[in-house]
Every structure is written in C-alpha cells, then in structure tokens.
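Chain by chain, the residues run as shown.
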Amino acid sequence: WTSIFQISTEEVGVITRFGRYVRQVEPGLNMKIPFAEVVFKVPVERQQKLEFGFRTSSAGIDSEYSHSSTTKDESLMLTGDLNLAEVEWVVQFRVDNAYNYLFKVRNPENTLRDISEAAMRQIVGDRTVNEVLTVGRTEIGSQLEELIQAICREYSMGIKIEQVVLQDINPPEPVKAAFNAVNEAQQEKETLINQAKSE
C-alpha cells in the first residue's frame, strides 16, 4: 500500500530515489518503490501570494489584516530624496518548473520574499517621495514585476511572477500629519493661483 499514491489535479509529483531526482508524475494514481522513493507534491496550477507590509489574518468578504513590527520593517522604504515611505504590496506567483523549484534554490519562498523586498527598495530608492506616493505607482508595479522575474530566471527558481499589486503607499505614521499639511498647502496654493488667474 505504501507504493500507491495520488497526485491532485493542481499538483505534479516529483520522485526521488535515495535523494536523487528520478522522474515527474502527473495528477492521478501513481506508483513508487516503497522506502526507496520519496514523492514531493508541488502545486503548479495554484496561484500563490506573498504579502509585504501586512498579513491577511482572515480572508473573506470582510478580510482582516494585521500589522506587526516585522511587517513594518519590510515596508519602510527610503526614497531617492531621502524621505521615508511605507509601501505595502503583494506578489502573486505560480510554480512553472517543479524540478527547479525543489532543487535549484534552497527555500524558494523565502528567497522570493528577499528578492521582492530588495527589488522594491531599489526601485523606490530611485524615485522621489512624491513620485512614489502619487504618479509613479503603476510604473513601480510593472518595473518591480519585470525585475523580480528577471532575478528568478537568473536563479533558475522555477517561479513565474503572475502579478505585482501595490496595496497602499503612505508616509510613516509619525510624519503623516505634517505630510498631509504640506499637501493641503500645495493644493491651497494651486487654488489661489487659479482664482487669481480667473480674476
């Protein structure tokens, strides 16, 4: 009975014999040599996600999110004009090569998390805080997706990046009030200039 196993529809089975890769099996009932072969089930059809700056504590219609000191550390970014911004984002990915995912990189999800964080710091570090908070969001998202995918390809991780979603970008909590005051002053300045021009 230990020689028969089942692979579900969204997975593939990677079989090793005495620790060495032997073959890959498709979904359904399969057989292996008992005690000599080990099966690793890899979800290749399931879209997985990594969250940065927050964690989903309960998903559903009214999803709940939690923030901790760990998530604050990964979301706090230094911009190119030496300001701080809290950037929250989600990386959605699939495993597109089960062999590479299992054997080319140790701990691929942690590696992907480190790659994503480093890439985001690089991209945010090249921009001003105003670009990051306002007009540059879509460009940051697409550039981040390309950079992460290029590094994953270089590392032969067997991961395909499906989408990068920027959730929320804010100034840090201690300076949020001052930042909002500056924005209000800039808007008031524009309003007064427009009123003066119309008169």
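Definitions and cut-offs
Residues numbered from 1 in each chain as written. Predicted model: local features only at pLDDT ≥ 70, side-chain atom pairs only at ≥ 80, totals over all residues. Heavy atoms only, no water. Helix = DSSP H or I, 4+ residues; strand = E, 2+ residues; numbered from the N terminus. Rg over C-alpha atoms; globule rule 2.2 N^0.38 Å. Buried < 20%, exposed > 50% of the residue type's maximum accessible area, 1.4 Å probe, protein only. Contact = heavy atoms within 4.5 Å. Areas by Shrake-Rupley, 256 points an atom, 1.4 Å probe, with all protein chains shown as cover. Pairing = 2+ DSSP bridges. Axes fitted to C-alpha atoms, helices over the stretch in contact; angles between N-to-C directions. Phe/Tyr/Trp six-rings, centres within 6.5 Å; stacked < 30°, edge-to-face > 60°. Lys NZ or Arg CZ within 6 Å of the ring centre and 35° of its normal.

Attention now moves to the overall build of the protein chain. Along the backbone of the protein chain there are six helices and 11 strands. Taken over C-alpha atoms, the radius of gyration comes to 23 Å for the protein chain, far larger than the 16 Å a tight globule of 199 residues would show. With the C-alpha coordinates aligned to their principal axes, the bounding extent of the protein chain is approximately 85 × 35 × 35 Å. The buried share of the protein chain, reckoned over its 199 residues, is 37%. Counting only contacts in the protein chain whose residues sit at least 6 apart along the sequence, the fraction spanning at least 24 positions is 66%. Surface exposure of the protein chain reaches about 12,100 Å², of which carbon and sulfur atoms provide 50%.

Moving on, we come to the sheet that holds strand E5 (residues 37–43). Sheet architecture is open: three strands sit in the order E3-E2-E5, paired in antiparallel fashion. Strand pairing shows two members of the sheet lacking a second neighbour, strand E3 (20–25) and E5, which therefore form its edges. Strand-to-strand, the axes of this sheet are offset by a mean angle of 25°, without reference to chain direction.

This part is about the packing of aromatic side chains. Counted according to the given criterion, the structure contains five aromatic pairs. Judged by centre distance (4.7 Å) and plane angle (65°), the ring pair of Tyr21 and Tyr99 falls under edge-to-face. With Tyr21 in strand E3 and Tyr99 in helix H2 (residues 98–103), this pair connects stretches of sequence that are 78 residues apart. Taken together, a centroid distance of 5.3 Å and an interplanar angle of 55° make the contact between Tyr99 and Phe103 tilted. Taken together, the residues span about one helical turn, with Tyr99 and Phe103 both in helix H2 at a distance of four residues. For Phe103, a relative accessible area of 35% gives the class partly exposed. Through a chain of ring-to-ring contacts, three or more aromatic side chains come together here, namely Tyr21, Phe40, Tyr99 and Phe103. A cation over a ring is seen here: Arg113 above Phe52, with NZ or CZ 4.7 Å from the ring centre.

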